[in-house]
Amino acid sequence: MKEPTPTPVPETIQAQPGLAQLIEGHLEQDPARRIELAVAAALAEIESREPAKPDPVGAAPRREEPAPTPEPVAIPEPPSNPTGQTPPLPEPFSSFHDQLKDGSEGPEMVWLPPGRFLMGSPEGGSMAFDDEKPQHAVNIKAPFAIGRFPVTFDEYDRFCVAIPRQQLWRERPWRERWGHRPRPVINISWDDAAAYCAWLTDQTNRTYRLPSEAEWEYAARAGTQTAWSFGDDEQVLGDYAWFSGNAERKAHPIGEKRPNPWGLYDMHGNVWEWVQDHWHEGYRGAPADGCPWEDATGDRSVLRGGSWNSEGRLVRSVFRRRNAPGCRGIPYFGFRLALGPQPDP
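Parameters at a glance
For every chain, the first residue of its written sequence is number 1, and the numbers climb from 1 along that sequence. Per-residue local features of the predicted model are confined to residues with pLDDT of at least 70, and side-chain atom pairs are confined, for both listing and counting, to 80 or more; whole-chain, interface and lining totals are unaffected and use all residues. To get the side-chain values, take all heavy atoms of the structure and skip hydrogens and water. Elements are defined by DSSP. Helices are runs of H or I of four residues or more, strands are runs of E of two residues or more, and each kind is numbered from the N terminus. The rule is simple: take the accessible area with a 1.4 Å probe, protein chains only, and divide by the maximum for that residue type; under 20% is buried, over 50% is exposed, in between is partly exposed. Here a residue-residue contact requires only that any non-hydrogen atoms of the pair lie within 4.5 Å. We define the nonpolar core as a collection of buried residues of types Ala, Val, Leu, Ile, Met, Phe, Trp, Tyr and Cys that are connected through side-chain atoms lying within 4.5 Å of one another. Being paired, for any two strands, means DSSP has found at least two bridges between them. Whenever two N or O atoms come within 3.5 Å, that pair is a polar contact, provided that in protein one can donate a hydrogen and the other can accept it, and provided that, for residues adjacent in sequence, both atoms are side-chain atoms. To estimate the expected span of a helix, subtract one from its residue number and multiply by 1.5 Å. Axis lines are fitted to C-alpha atoms, over the contacting stretch for helices. Their N-to-C directions set the angle, which ranges from 0 to 180 degrees. Residue-level confidence of the predictor is summarised by pLDDT, bounded by 0 at the bottom and 100 at the top. Orientation labels follow simple angle bins: below 35 degrees gives roughly parallel, above 145 gives roughly antiparallel, 65 to 115 gives roughly perpendicular, and whatever is left gives oblique. Under the scheme applied, nonpolar residues are Ala, Val, Leu, Ile, Met, Phe, Trp, Tyr, Cys and Pro; charged residues are Asp, Glu, Lys and Arg; polar residues are all the others, including Gly.

(A) Local environment of the overall build of the chain. A count of helices and strands for the chain gives 7 helices and 11 strands. Classification of the 345 residues of the chain by burial places 47% in the buried group. Residue pairs at least 24 apart in sequence account for 71% of intrachain contacts in the chain once pairs closer than 6 positions are excluded.

As structure tokens, then:
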């Protein structure tokens, strides 16, 4: 499979010393892999040395020669898993909060198990759109974590306070005067969401990111193949989602509706959620391993899940839409976090 082209860092971020490098590192580097290679090289050097041969019986004692002064070698920082054993896999559906540098807790995350599922809509579906086809098998090979809820205003505001406004134009998003209970953050661009992921990565030393489109649908379906995670009966939708039929034209606090079978809230409706992928007009040629589908010419990014302003069929597990990654100020665009694809060692 062709390797995805790294997502470019927005020009507003490139202009800022230090933060651009942080985000570039978040998107393109793998420090754990560099440590692994350095350790492997050191072991190979040790194994290549021949053992010293013993002196023959009766031979005169040898004159000890001073050992040559070794060349200085840069020793990498030891990994946090010094035994070299594979860390245990997380308990499926267990949740956690990573700690931020100020001692507070990050967003709640839930570990999802690996698995296979059919992504998209089958031919002949009465509510299906062409860009949801062809339906195809996807194999999620490793566990990953996803946010139990969309990122909230309070969680995003910490980022805005930490990054000076004059540095990145990270103003606190407008709340639309809908109250201060824990609502999902809105008026967020893809660029804003990616910058928040980079900041959270620096805060926790764990690689936070946006989910791929396949990961998002895998999480939303939660083992089902029905239109919504609870089934095909739209009459029940109001128990699980804020949408145009019940939201009264506003976003609502997180977690007020029933979760899907994997304990994830607001996967249907409330706010659209940015994912990592560039937009493609359908799934022909899409990755089969759950990786994000990106390309250098992609000028639109994908959103999933529907919102408080969407009709019922637009909050199905398979529905998708697109917008420019720099587009902010839309009162139903938010995002949800991912972490992985496997537990950090």
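Additional details are given in the paragraphs that follow.
(B) Structural view of helix α4 (residues 153-162). Those residues of α4 that sit buried are F153, E155, Y156, D157, F159 and C160. Next to the buried residues of α4 lie β2 (105-112), α6 (190-204) and β10 (333-335).

(C) Structural detail: the nonpolar core. Ranked by size, the top nonpolar core spans 39 residues in total, and within it Y156, F159, Y196, F335 and L337 carry the most contacts. The biggest single contributor to this core is α6, with 8 residues. In terms of nonpolar packing, the next biggest core, distinct from the first, is built from 23 residues, I140, F144, Y283 and V302 among them.

(D) View of the sheet that holds strand β6 (residues 208-209). Overall, antiparallel pairing links the 5 strands, which are arranged β1-β2-β5-β11-β6 in an open sheet. Lying at the two open borders of the sheet, with one neighbouring strand each, are β1 (95-99) and β6. Sheet analysis places β6 next to strand β11 (residues 338-339), joined by 2 bridges and oriented antiparallel. Paired with R209 across the bridge in β11 is A338.

(E) Representation of the side chain of R221. Within the secondary structure, R221 sits in helix α7 (residues 213-221). Looking at R221, the relative accessible area reads 3%, which means it is buried. A polar contact of 3.4 Å, which involves the side chain of R221, links it to the backbone oxygen of L118. With residues near it in sequence (within four places) discarded, R221 still touches F117, L118, G120, T226, S229, S317 and V318.

(F) Main features of α6. Here α6 is 15 residues long and its end C-alpha atoms lie 21 Å apart, about the 21 Å a rise of 1.5 Å per residue gives. The opening residue of α6, the one whose side-chain oxygen lies 3.4 Å from the backbone nitrogen of D191, is S189. Count one or two residues on from α6 and you reach N205, which has phi positive near 60°.

(G) Spatial organisation of the sheet that holds β10. Taken together, the 4 strands give an open sheet; going across it, the order is β9-β8-β7-β10, and neighbouring strands pair in mixed fashion. Where the open sheet ends on each side, the last strands, each with one partner, are β9 (320-323) and β10. For this sheet, the mean inter-axis angle between neighbouring strands, taken without regard to orientation, is 50°. As defined by bridge partners, strand β7 (residues 272-278) adjoins strand β8 (residues 301-304) across 3 bridges and the pair is classed as antiparallel. Pairing of H278 across the sheet is with S301, part of β8.

(H) Representation of the confidence of the model for the chain within the structure. Of the residues in the chain, 69% reach a pLDDT of 70 or more, and the chain-wide mean stands at 80. When the criterion is pLDDT under 50, residues 1-83 qualifies, and its contacts beyond four places in sequence or with other chains add up to 50 contacts.

(I) Representation of unusual backbone geometry within the structure. Cis peptide bonds are those with omega within 30 degrees of zero, and the linkage from K133 to P134 qualifies with -5°. Following the sequence through the fold, P134 ends up in the loop between β3 (115-119) and β4 (136-140). Here the phi dihedral of N187 falls at roughly 60°; this positive angle occurs in a residue that is not glycine. Here N187 is to be found in the loop between α5 (165-168) and α6.

(J) View of the packing of α4 against α6. Running from N to C, α4 and α6 point in directions that differ by 80°, and their axes come no closer than 10 Å. Considering their axes alone, α4 and α6 lie roughly perpendicular with respect to each other. Facing α4, whose interface residues are E155, Y156, R158, F159 and A162, α6 presents D192, A195, Y196 and W199. Looking at the contact of α4 with α6 residue by residue, the class counts come to 6 nonpolar, no polar and 3 charged.

(K) Summary view of the environment of R206. Secondary-structure assignment places R206 in the loop between α6 and β6. Residues R206 and G340 lie 134 residues apart in sequence; the distance between their C-alpha atoms is 8.4 Å.

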